[in-house]
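Structural overview
Each chain, written out:
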Amino acid sequence: MRIVVGHLFPDYLNIYADRGNMAVLARRAEWRGHELEVRALGQGEAVRPGEHDLFYVGGGQDREQELIAPALAALGPALQEAIAGGAAALAVCGGYQLFGRFYRDQSGDELPGAGLLPLHTIAGERRMIGDVLLECELEPGASETLAGFENHAGRTILDEGARPLGRVLAGFGNDGESGVEGCRAGRVIGTYLHGPLLPRNPWLADWLLAQAIAHRTGEPPELAPLPDELEAEAHAVSAERARTRGGRF
Ligand code: GLN
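Let me sum up the structure you'll find in this document.

Criteria and cut-off values
- Residues numbered from 1 in each chain as written.
- Predicted model: local features only at pLDDT ≥ 70, side-chain atom pairs only at ≥ 80, totals over all residues.
- Heavy atoms only, no water.
- Pairing = 2+ DSSP bridges.
- Helix = DSSP H or I, 4+ residues; strand = E, 2+ residues; numbered from the N terminus.
- Axes fitted to C-alpha atoms, helices over the stretch in contact; angles between N-to-C directions.
- Contact = heavy atoms within 4.5 Å.
- Near = heavy atom within 4 Å.
- Polar contact = N/O pair within 3.5 Å; in protein donor to acceptor, adjacent residues only side chain to side chain.
- Areas by Shrake-Rupley, 256 points an atom, 1.4 Å probe, with all protein chains shown as cover.
- Buried < 20%, exposed > 50% of the residue type's maximum accessible area, 1.4 Å probe, protein only.

**Quick notes on the sheet that holds strand 3 (residues 54-57)**
Pairing in this open sheet of 6 strands is mixed, and the strands run 2-1-3-4-12-11 from one edge to the other. If you trace the sheet from one side to the other, it starts and ends with strand 2 (35-41) and strand 11 (183-185), each paired once. Within this sheet the neighbouring strands show an average axis-to-axis angle of 15°, counted without direction. Here strand 1 (residues 2-8) pairs with strand 3 via 3 bridges, running parallel. What sits directly across from Val5, in strand 3, is Leu54. Set on the sheet, helix 1 (residues 20-31) makes contact with strand 1, strand 2, strand 3 and strand 4 (88-92); between it and strand 2 the angle comes to about 150°. Seen against the sheet, helix 4 (residues 202-217) touches strand 1, strand 2, strand 3, strand 4, strand 11 and strand 12 (188-191) and runs at an angle of roughly 115° to strand 1.

In structure tokens:
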């Protein structure tokens, strides 16, 4: 089967090897006999209903965010429609901030968001940098840990009742105060975790793949398990770094 990913503004939002997330998804799909086709979605491009199974947007600094925020916000309604139709999405750091309602940057300018996640972000004085470890439960009863690296000045505030991606075991998370990180709304996931994120958290890569395949076929797939020994090692190293030197104010 061919899984189609819409990669939003890959030339602008791509720091910390965020493209590695796509490489992981492509290989894990291939190992299960599927093909992942990544189509760049940029300025002036349209999101056609049903075309994409998954959307992805990476991180970027304020400057890059400023350059693409209006164009991404303009795609908001079409992305919303695609997601309502069953497509999944992953947004990382700068992209996560722009999936919310707005991002007020260091200079006080308010960048419009795509409005896909119930949150907003306000730049603070101090950067939150370091390894992070989260505890997540995307499916009831299936608790998993997510390890990664955060580097952001933005403080993200979730709307009342919005669901975070996980509980912070070590690190700053959304704002360094709330004890939570990221946001999850149905099949849409936003997070500050780079690294890139998916190589050391293969369970999340498979969750996203499963959502994308379900969009295409209408059925949640059975994904054959993979050995994931290197991935487990990478996760353990990152988790340990977070436990011993995860950021704190
Ligand atoms: N510019 C944003 C911040 O510093 C996002 C940075 C990033 O994507 N690493 O909050």
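**Quick notes on the site of the ligand**
Within the structure, the ligand sits among 16 residues, and Asp62, Gln65, Cys93, Gln97 and Gly154 are positioned closest to it. Within the contact set of the ligand, a nitrogen atom lies 2.9 Å away from a side-chain nitrogen or oxygen of Gln65. The separation between an oxygen atom of the ligand and a polar main-chain atom of Ala153 is 3.0 Å. Protein chains bury 100% of the 300 Å² of accessible surface belonging to the ligand in isolation. Counting only elements with at least two residues in the shell around the ligand, the list comes to helix 2 (62-84), helix 3 (94-99) and strand 8 (142-158). Looking at the shell around the ligand, the element that brings in the most residues is strand 8, giving 4 residues.

**Quick notes on the pairing of strand 12**
Residues Val188 and Gly190 point to one face of strand 12 and Ile189 and Thr191 to the other, with burial holding for every one of them. Sheet topology note: the strand 4/strand 12 ladder contains 4 bridges and is parallel. Directly across from Leu90, in strand 12, lies its bridge partner Ile189. In terms of strand pairing, strand 11 meets strand 12 through 3 bridges, oriented antiparallel. Note on strand 12: the bridge partner recorded for Arg184 is Ile189. Counted between consecutive antiparallel strands, the loop separating strand 11 from strand 12 contains 2 residues, among which Gly186 sits at a positive phi close to 60°.

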